[in-house]
Amino acid sequence: MDNIQRRDNEMLYRTDEQLMSQQARARRLTQQLNTMDRSDFEGIAALVKQLISCGKNAFINPPFYCDYGFNIQVGDNFFCNYNCTILDVGRVRIGNNCLFAPNVSIYTAGHPVHPAMRNTLYEYGIDVNIGSNVWLGGNVIVCPGVTIGDNTVIGAGSVVTKDVPSWCVAAGNPCRVIREITDEDMEYYFQRRKPDSEAAGIIREMIKTDNEPEKYPFRGK
């Protein structure tokens, strides 16, 4: 079994020329992405499609960093803000309508704890799975092997070391569930601030008709 197969089966592997060749592609594309004109929204969106597997209306605000790119799969309407790092040694699967605030990091890569084993240069990658309608706040870190359920919010600065269920707000280091998300959360957009009448009317209509928002220009075609 070669090191690519070992890596893809979440086994211990050692980086070799084949793996470095795969990483070289991602480094070329991320270098191009991170040096593009930041106002070239269509060009950025097109390059993102080359780098990762994505649904419609996916957009990443550079700079962005990853190991391979092809191990990242995102759904429709994905938005990732500045300075995201995804170490996609293992697979990273992200659902629809997910939002990443600045400085989010997802780590599938890891090393043995014992220094003698670690110094053999063996490492591993364990898959990360994130459901649909998930919002990761600024500076959130997601560790190897974590699953985050649908419709969940992870508070800024959290370190997610274990699975987080659906429909909850979770935060902290280590990240813990704070509370469930309920219908009462529809009444407010920030703390106890309620939507104004214009926004509230649009929200009600869109929810009633299950309409998607119009495509944002910066998300590309």
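Here the structure is a predicted model, which means the values were calculated and not measured.

A closer look at the overall build of the protein
In step 1: Helix and strand content of the protein: five helices and 19 strands.
In step 2: Its C-alpha radius of gyration of 19 Å places the protein within 12% of the 17 Å reference for a compact globule of 221 residues.
In step 3: With the principal axes as the frame, the protein shows a C-alpha extent of 60 × 40 × 25 Å.
In step 4: By the burial criterion, 41% of the 221 residues in the protein qualify as buried.
In step 5: On the protein, roughly 12,400 Å² of surface is accessible, and the fraction owed to carbon and sulfur atoms is 51%.
In step 6: Looking at charge distribution, the protein has the averaged site of its 23 positive side-chain charges lying 3 Å from that of its 26 negative ones.

A short note on the confidence of the model for the protein
In step 1: Confidence in the prediction for the protein averages 94 pLDDT; 95% of positions are at 70 or higher.
In step 2: In the model, residues 215-221 has pLDDT below 50 throughout and makes 20 contacts with residues more than four positions away in sequence or in other chains.

Quick look at the nonpolar core
In step 1: Core analysis: the largest hydrophobic core is formed by 42 residues, its most contacted members being Phe 100, Ile 130 and Leu 136.
In step 2: Ignoring sequence-local partners within four residues, the contact set of Ile 130 consists of Arg 93, Ile 94, Gly 95, Cys 98, Phe 100, Ile 106, Leu 136 and Ile 148.
In step 3: Membership of the second largest hydrophobic core comes to five residues, among which are Ile 4, Leu 19, Tyr 68 and Val 89.

Here we look at a nonpolar patch on the surface
In step 1: Residues Leu 12, Met 117 and Tyr 122 make up a contiguous nonpolar surface patch of roughly 240 Å² in combined accessible area.
In step 2: Note on placement: Tyr 122 falls in the loop between helix 4 (115-118) and strand 11 (124-125).
In step 3: On the accessibility criterion, Tyr 122 (30% relative accessible area) is partly exposed.

As for the sheet that holds strand 7 (residues 92-94)
In step 1: Read across the sheet, five strands follow the order 1-4-7-12-15 without closing on themselves; strand pairing throughout is parallel. Across the chains shown, the open sheet's two edge strands, defined by having one partner strand only, are strand 1 (53-54) and strand 15 (147-148).
In step 2: Here strand 4 (residues 72-74) pairs with strand 7 via three bridges, running parallel. Bridge assignment links Gln 73 to a residue of strand 7, and that residue is Arg 93.

Considerations on the pairing of strand 6 (residues 84-87)
In step 1: The two faces of strand 6 differ: Cys 84 and Ile 86 on one face are buried, but Thr 85 and Leu 87 on the other face are not.
In step 2: In this sheet, strand 6 lies alongside strand 3 (residues 64-66) in parallel orientation, the contact comprising three bridges. If you follow Tyr 65 over to strand 6, its bridge partner there is Thr 85.
In step 3: Bridge count between strand 6 and strand 9 (residues 105-107): three bridges; the pairing is parallel. Considered in strand 9, the bridge of Thr 85 is made with Ser 105.

What about the sheet that holds strand 14 (residues 141-142)?
In step 1: Pairing is parallel across the open sheet formed by five strands, whose spatial order is 3-6-9-14-17. Whereas interior strands pair on both sides, the edge strands pair on one side only; in this sheet they are strand 3 and strand 17 (159-160).
In step 2: Here strand 14 runs beside strand 17; their pairing, made up of two bridges, is parallel. Bridging from a neighbouring strand, Ile 141 pairs with Val 159 of strand 17.

Quick word on the packing of helix 2 (residues 17-34) against helix 3 (residues 41-51)
In step 1: The contact between helix 2 and helix 3 brings their axes to 10 Å, and the two run at 170°. One way to sum up the angle between helix 2 and helix 3 is to call them roughly antiparallel. Facing Arg 25, Ala 26, Leu 29, Thr 30, Gln 32 and Leu 33 of helix 2, the residues of helix 3 in contact are Ile 44, Leu 47, Val 48, Gln 50 and Leu 51.
In step 2: Of the residues that constitute the contact of helix 2 with helix 3, the class distribution is seven nonpolar, three polar and one charged.

Rules behind the numbers
- Residues numbered from 1 in each chain as written.
- Predicted model: local features only at pLDDT ≥ 70, side-chain atom pairs only at ≥ 80, totals over all residues.
- Heavy atoms only, no water.
- Helix = DSSP H or I, 4+ residues; strand = E, 2+ residues; numbered from the N terminus.
- Rg over C-alpha atoms; globule rule 2.2 N^0.38 Å.
- Buried < 20%, exposed > 50% of the residue type's maximum accessible area, 1.4 Å probe, protein only.
- Areas by Shrake-Rupley, 256 points an atom, 1.4 Å probe, with all protein chains shown as cover.
- Lys, Arg positive; Asp, Glu negative; His and termini not counted.
- Charge placed at Lys NZ, Arg CZ, Asp CG, Glu CD.
- pLDDT = per-residue confidence, 0-100.
- Contact = heavy atoms within 4.5 Å.
- Core = buried A, V, L, I, M, F, W, Y, C linked by side-chain atoms within 4.5 Å.
- Patch = residues over 30% accessible without salt bridge, like charges linked within 9 Å, V, L, I, M, F, W, Y side chains within 5 Å.
- Salt bridge = Lys/Arg side-chain N within 4 Å of Asp/Glu carboxyl O.
- Pairing = 2+ DSSP bridges.
- Axes fitted to C-alpha atoms, helices over the stretch in contact; angles between N-to-C directions.
- Parallel < 35°, antiparallel > 145°, perpendicular 65-115°, else oblique.
- Nonpolar A, V, L, I, M, F, W, Y, C, P; charged D, E, K, R; others polar.

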